[in-house]
Amino acid sequence: MAPGSSNRPLLRPSFFRTLLIVALAGMALVLIDSVLAATERRETAIEATRSWREGQSLMQQGRYNDAADAFRSAIANARNNKEYPLALGQALLNAGQLDEAESTLTDLLNANSMAGAPNLAMARIFAKKAEFEEAEFYYHRAIYGQWPPAPNDAAANRIHVRFELADLLAARNSKAELLAELLPLQQQAPTDTDTQARLARLFMIAGAPARAVPIFHDLARADPRDSAVEAGLGEAELENGNFTAAQTAFIAALRLRPDDQNARKSLDTSEQILNLDPLRRGLDGQERYRRSQHILQLVADKAAQCPPLGDQVSAARVAISRHVSPSELSENAESTLELATKLWQAEQTQCPATITASDEPLQTVLAKAARQLDPSR
Amino acid sequence: MTPSPAVSTSRLHAWLEELRQSENQLTLLLSLVVGVLVGLVTVGFILVTGRLAAHMYPAGGSGWRRILVPTLGSLSTGFLLARYFPFARGSGIPQTKFALVVNDGIITFRTIVGKLLCCSTSLASGIALGREGPSVQIGAGVASVIGRNSGLRTEQVKALLPVGCSAALAAAFNTPIAAVMFTLEEIMGDLHATVLGTAVLSSAASWMVLHYFLGDDPLFHVPAYRLVHPAELAVYAVLGIVGGLASVVFVKLLLGMRARFLRLPAKTVWLHPVVGGLTVGLLGYFFPDVMGVGYSFVDRVLNGDAVLKVVVLLGILKIVATATCYASGNAGGIFGPSLFIGAMAGAATGGVAHKLFPGITAGPGAYALVGMGTAFAGIIRTPFTSVIMIFELTRDYTIIVPLMISNTIAYFISQKLQRETIYDALARQDGVHLPSAHAHGPSGPGNVRKVMRPATLTLPARTTVQEALGAVEGSAVEAWPVTAEQGFRGMIRRTDMANAIARESGGITLAAVLDELNGGMELENFTHLHPDHSLHLALERMGSSGLGVLPVVSRASVRQLMGIVVLEDVLKAYGVAGQTPAPHTAEVS
């Protein structure tokens, strides 16, 4: 017979008394533990908030490592708060501790992969690491991610992130990707002067000055006394090949701000271009041909410094010295300009070092000529 | 239709009577009750310690506080431990094993109160010890008090102790599975122990209590680590070596320091903990992360915030601080510090490896994680528990294989360089011989208790050799126990006495002969057996000592002679013996 199956009572009556005492002790402990747990929750929440504020203050002072320590302390006291790990990630990012920042933010993103702010911070980490594909990936997740309604609304955050991505692409001279980001921005961005001017400048970097021009025009209409807008308009028109309009804009900018050296320099450039440009409207055939000849002369002189182009330079010089009848002026102006364009392109390829900043007017005119002679470009 | 109150009362009485009659149901009910109650006590212990610590070290507090608070804390607990709660000293694991193996499962209510009070004070004051070991003793104590006051038999009370241990560890570490494993592996010394079911039940109940009050938050928050390259396993093997060596250094330092403290005069015992408090205070003044159990710093290291110089320095300082705190008699355990030491050893190893082989190794955080388990396996010597525990602490499965490799190596090194486990060695320093897994040995034909004879012929130590030889005349055995006022002194053989007469004279006392034979060796190291030792071990010890008769002594004190074991009786139990000599009944008075 098993011991437990005996009819002998296993227990004394003290068992029931003990059970009663245990039950009472249990209830007392539940009460005590509840009070202690509530106290702990309250005190740790206070401590976490204090640490977080200290961290924010240290961030503003630029003491990012100390701020990270404060944020870690805040996290230890309030594990469920998602704001603290994000702040830690940003502090670590600013402190240059990129691997740790990535690790911290990865945890946040594991919890919610579409959270906007962690994705943005992650994008910044990869941008700092020069891992641009990853950075773009996280920027896009941030753009299409979730953002809290405060302090900014979600749309404002998304625009801000897209601008940041656009700046990154501009810095990398990724024109096509940049243009892809700017087109939606043009629809969504606020209409304030700074934002629109920033957008217009980014369009110019993206190689789309035609989109920048109307923006600057709108801004100039809204505030005709803004010299920076006039200067920006001048740059856009210059880039767009509208040298006369550019000249007008630069003059306006200098009238509003005479000490603007950049505008003055750009005005000089535009005037040089206007004097060089054989495709300028209103020129007669004689003048158009003369300008074409002059341009070919300039290009040949520069190309003479590039030995591999000896044959082409000789051909150019032959073309320059050739006599042309008045009836052939127009046709010859075009062929001369085409020759100059080809020689310039060859020089750019063979001897790029020979081309300097002072050649900008010539380069601009030749670029315009190349576009007009070959519309597919 | 709702039953009347009289019917309900009658049904309740019937159910209670049925419960009284059924041991299985009773065991399950008590396991549940113990689990819940121990969970509540442990949660309270954690919260009280945490709040006390927060108030002792407020944010922006002066650096001097780090010296003053642990010194005063250890002074106050030193007095309480010496004056009121002598059994609440130290970790609690050896004390629990002592209660289970030797003391009929008795842990007093006073010890529980003392443990709670002293540990809360010392841990909150920044003493570099952990809360988990003490929780185990508290849990076992709660189970013991409930069991004894319920009128259970001694065996039933003893069966309830592991249930309390399991519940306590589940709540203290937030590791319900590892708690059961530890109870079986370390407390019971048997992974197949019959208490498995009840231990699981109490562990689950306690863990649910913890969750109810403190939520579902792991002790450490670890990023997802993975094995970067198969070659990385070699680095984890190196970590096993580093962790094993660090474990041995820690254990030897702790035991060596404790042996020195134990030699100091008994009247100074209340002052000993101050040495630990002052040491940790001075170290903490310069390196605050050395203080307390240090889990927050471990969490940072696990997340990769590990500067090589800092983790090496903190690992070394923690070994010194914890060894001093424990050896000097402060209340607190070594579980937590083991994890800290392991995490630092791991982060240091991982940091070096990552600098040398950045392409094929993970960051230091992954190694810190594995290092925790490695040091736990090396120091506590519970390899299964350490693997499960790290998994439960971190909830990260991917690092388990490197952890197993590293653990095994650390365990092997630790076992080679420090044969006795730390808890057995600590108990031995207190004169208690706890059973090891080896002592239980293969089942064979039984244990020593089965063949033990009463020591009917004992020789007083003051007896002369000449008198003793006369007294043993006609005895069939070849050696006899010698006793003195303080208890058992050792065994003396006829040849030992004959040699003494040849060298000196018959007037020499047995005490002098034993002193000469032992050559100043501690009595505790004399060959002996305990009643629960296997006959296999008895044969082994007889063979290695060349003695055909061995004394059987109590585990509580080797000076308490319980009987003798004779070779012939052991062989007979194996079924290969001839005649058993008749016991000699004469006694020299």
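If you're wondering where the values come from, they're calculated on a predicted model, not measured in any experiment.

**Re the overall build of chain B**
Then, in step 1: In terms of regular secondary structure, chain B is built from 25 helices and five strands.
Then, in step 2: Principal-axis analysis of the C-alpha atoms gives chain B an extent of 80 × 80 × 50 Å.
Then, in step 3: Within chain B, the proportion of its 589 residues that are buried is 55%.
Then, in step 4: The long-range fraction of contacts in chain B, counting pairs at least 24 apart against all pairs at least 6 apart in sequence, stands at 79%.

**Quick look at the overall build of chain A**
Then, in step 1: Scanning chain A for helices and strands turns up 17 helices and zero strands.
Then, in step 2: Relative to a compact globule of 377 residues, whose C-alpha radius of gyration would be 21 Å, chain A shows 35 Å and is clearly more extended.
Then, in step 3: The principal-axis extent of the C-alpha atoms belonging to chain A is close to 135 × 55 × 35 Å.
Then, in step 4: Within the span of chain A, comprising 377 residues, buried residues form 38% of the whole.

**Concerning the sheet that holds strand β3 (residues 487-493) of chain B**
All names here are of chain B.
Then, in step 1: Spatial strand order, β1-β2-β3: three strands in an open sheet with mixed pairing. Every other strand in the sheet has two partners, leaving β1 (459-460) and β3 as the edge strands with one partner each.
Then, in step 2: With six bridges connecting them, strand β2 (residues 479-484) and β3 associate as antiparallel partners. The partner of Trp480 across the bridge, within β3, is Ile492.
Then, in step 3: The sheet strands contacting helix α23 (residues 510-518) are β1, β2 and β3, and the helix crosses β3 at an angle near 75 degrees.

**Things to note about the nonpolar core**
Then, in step 1: Val34(B), Val142(B), Ala171(B), Ala343(B) and Leu369(B) are the most contacted members of the largest nonpolar core, which has 146 residues in total.
Then, in step 2: Shared between two domains, this core holds at least three residues of each, these being domain 1 (19-214) and domain 2 (232-429) of chain B.
Then, in step 3: Ignoring anything within four residues of it in the chain, the contact list for Val142(B) reads Val34(B), Leu37(B), Val38(B), Val41(B), Ile112(B) and Gly164(B).
Then, in step 4: Of all hydrophobic cores here, the second largest spans 86 residues; its members include Leu92(A), Leu108(A), Tyr139(A) and Leu238(A).

**A closer look at the domain arrangement of chain B**
Then, in step 1: Domain parsing of chain B yields domain 1 (19-214), domain 2 (232-429) and domain 3 (441-574).
Then, in step 2: A straight line from the C-alpha centre of domain 1 of chain B to that of domain 3 of chain B covers 39 Å.

**A few points about the interface of chain A and chain B**
Then, in step 1: Contact with chain A, which involves 31 residues of that partner, is made by 33 residues of chain B.
Then, in step 2: For the side of chain A that touches chain B, the elements supplying multiple residues, two or more each, are α1 (14-60), α2 (64-77) and α4 (98-111) of chain A.
Then, in step 3: When residues in the side of chain A that touches chain B are grouped by element, the largest group, 17 residues, is from α1(A).
Then, in step 4: Classifying every residue of the side of chain A that touches chain B gives 13 nonpolar, seven polar and 11 charged.

**Thoughts on unusual backbone geometry**
All names here are of chain B.
Then, in step 1: Of note in the backbone geometry, Asn174 takes a positive phi value of approximately 60 degrees without being a glycine.
Then, in step 2: Counting through the fold element by element, Asn174 comes out in the loop between α7 (154-173) and α8 (176-188).
Then, in step 3: The residue Arg381 is not glycine, and still its phi comes out positive at about 65 degrees.
Then, in step 4: Relative to the helices and strands, Arg381 is located in the loop between α15 (364-379) and α16 (383-394).
Then, in step 5: Under the C-beta neighbour-count criterion, Arg381 is labelled buried, with 25 such atoms within 10 Å.

**A closer look at the domain arrangement of chain A**
Frequently, the measure chosen for interface size is the accessible area that the parts lose on association.
All names here are of chain A.
Then, in step 1: Domain parsing of chain A yields domain 1 (190-276) and domain 2 (287-377).
Then, in step 2: Relative placement of domain 1 and domain 2: their C-alpha centres are 28 Å apart.
Then, in step 3: In this complex, domain 1 contributes five residues to the contact, which on the side of domain 2 involves eight residues.

**Focus: the confidence of the model for chain A**
Then, in step 1: Scored by pLDDT, chain A comes out at a mean of 86, with 95% of its residues at no less than 70.
Then, in step 2: Considering only residues more than four positions removed or in separate chains, one finds that residues 1-10 of chain A, a stretch of pLDDT under 50, has nine contacts.

**Observations regarding the pairing of β2(B)**
Side-chain direction in a regular strand flips from residue to residue, so the side chains alternate between the two faces of the sheet.
Residues and elements named next belong to chain B.
Then, in step 1: Across two bridges, β1 lies against β2 in parallel orientation. Residue pairing for β2: Leu459 is matched across the bridge by Val482.
Then, in step 2: A crossover links β1 with its parallel partner β2, the connecting element being helix α21 (residues 465-471), and its sense is right-handed.
Then, in step 3: Counting the residues that bridge the hairpin from β2 to β3 gives two residues.

**Things to note about the confidence of the model for chain B**
Then, in step 1: Within chain B, residue pLDDT values average 85, and 92% of them lie at 70 or more.
Then, in step 2: Listed scores for the predicted complex are pTM 0.71 and ipTM 0.75.

**Some details on helix α3 (residues 65-83) of chain B**
All names here are of chain B.
Then, in step 1: Given a rise of 1.5 Å per residue, 19 residues ought to cover 27 Å, and the 27 Å separating the end C-alpha atoms of α3 matches this to within 8%.
Then, in step 2: Turning to α3, its buried residues are Arg66, Val69, Pro70, Thr71, Gly73, Ser74, Thr77, Gly78, Leu80 and Leu81.
Then, in step 3: Buried residues in α3 make contact with α2 (23-56), α5 (109-124) and α11 (272-286).

**Quick look at the packing of α7(B) against α8(B)**
All names here are of chain B.
Then, in step 1: Between α7 and α8, the least distance of the axes is 8 Å, while the angle of their chain directions is 135 degrees. Relative to α8, α7 is oriented oblique. Regarding α7 and α8, the two cross each other, and that crossing is right-handed. Residues Pro162, Cys165, Ser166, Leu169, Ala170 and Phe173 of α7 form the contact with α8, whose participating residues are Pro176, Ala178, Ala179, Val180, Phe182, Thr183, Ile187 and Met188.
Then, in step 2: Looking at the contact of α7 with α8 residue by residue, the classes come out as 12 nonpolar, two polar and no charged.

**Details of the environment of Ala263(A)**
All names here are of chain A.
Then, in step 1: Within the fold, Ala263 resides in helix α13 (residues 261-276).
Then, in step 2: The spatial distance from the C-alpha of Ala263 to the C-alpha of Arg201 is 15 Å, given a sequence separation of 62 residues.
Then, in step 3: With residues near it in sequence (within four places) discarded, Ala263 still touches Ala231, Gly234, Phe250, Ala253 and Leu254.

**Quick notes on the packing of helix α7 (residues 154-171) of chain A against helix α8 (residues 175-188) of chain A**
Residue and element names in this part refer to chain A.
Then, in step 1: Between α7 and α8, whose axes approach to 9 Å, the crossing angle comes to 150 degrees. Taken together, the axis directions place α7 and α8 in an arrangement best described as roughly antiparallel. In terms of crossing hand, the pair formed by α7 and α8 is left-handed. Between α7 and α8, the residues in contact are Ala155, Ile159, Arg162, Phe163, Leu165, Ala166, Leu169 and Ala170 and Glu177, Leu178, Glu181, Leu182, Leu185 and Gln188, respectively.
Then, in step 2: Partitioning the contact of α7 with α8 into residue classes produces 10 nonpolar, one polar and three charged.

**A few points about helix α5 (residues 116-128) of chain A**
Since the α-helix advances by 3.6 residues per turn, residues separated by three or four positions end up pointing in the same direction.
Residue and element names in this part refer to chain A.
Then, in step 1: With 13 residues, α5 extends 19 Å from end C-alpha to end C-alpha; this agrees with the ideal 18 Å at 1.5 Å per step.
Then, in step 2: Considered for burial, the residues of α5 that qualify are Gly116, Ala117, Pro118, Asn119, Leu120, Ala121, Met122, Ala123, Arg124, Ile125 and Ala127.
Then, in step 3: In this structure, the buried residues of α5 make contact with α3 (83-95), α4, α6 (132-143) and α7.
Then, in step 4: In the stretch just after α5, Ala130 is the one whose phi turns positive, near 65 degrees.

**Regarding the environment of Val299(A)**
All names here are of chain A.
Then, in step 1: Tracing the backbone through its elements, the reader meets Val299 in helix α14 (residues 285-303).
Then, in step 2: Looking at Val299, the number of C-beta atoms within 10 Å reads 25, which means it is buried.
Then, in step 3: Counting along the chain gives 65 residues from Val299 to Gly234, while the straight-line C-alpha distance between them is 26 Å.
Then, in step 4: In this structure Val299 touches Ala340, Leu343 and Trp344, once residues within four positions along its chain are discounted.

Conventions adopted
- Residues numbered from 1 in each chain as written.
- Chains lettered and ligands numbered in written order.
- Predicted model: local features only at pLDDT ≥ 70, side-chain atom pairs only at ≥ 80, totals over all residues.
- Helix = DSSP H or I, 4+ residues; strand = E, 2+ residues; numbered from the N terminus.
- Buried ≥ 20, exposed ≤ 12 C-beta atoms within 10 Å, placed from the backbone.
- Contact = placed C-beta atoms within 7 Å.
- Rg over C-alpha atoms; globule rule 2.2 N^0.38 Å.
- Pairing = 2+ DSSP bridges.
- Axes fitted to C-alpha atoms, helices over the stretch in contact; angles between N-to-C directions.
- Core = buried A, V, L, I, M, F, W, Y, C linked by C-beta atoms within 7 Å.
- Domains from an automatic or database assignment.
- Nonpolar A, V, L, I, M, F, W, Y, C, P; charged D, E, K, R; others polar.
- pLDDT = per-residue confidence, 0-100.
- Right-handed = clockwise from strand over helix to strand, strands pointing away.
- Expected span 1.5 Å × (residues − 1).
- Parallel < 35°, antiparallel > 145°, perpendicular 65-115°, else oblique.
- Left-handed = near helix turned anticlockwise from the far one by under 90°.

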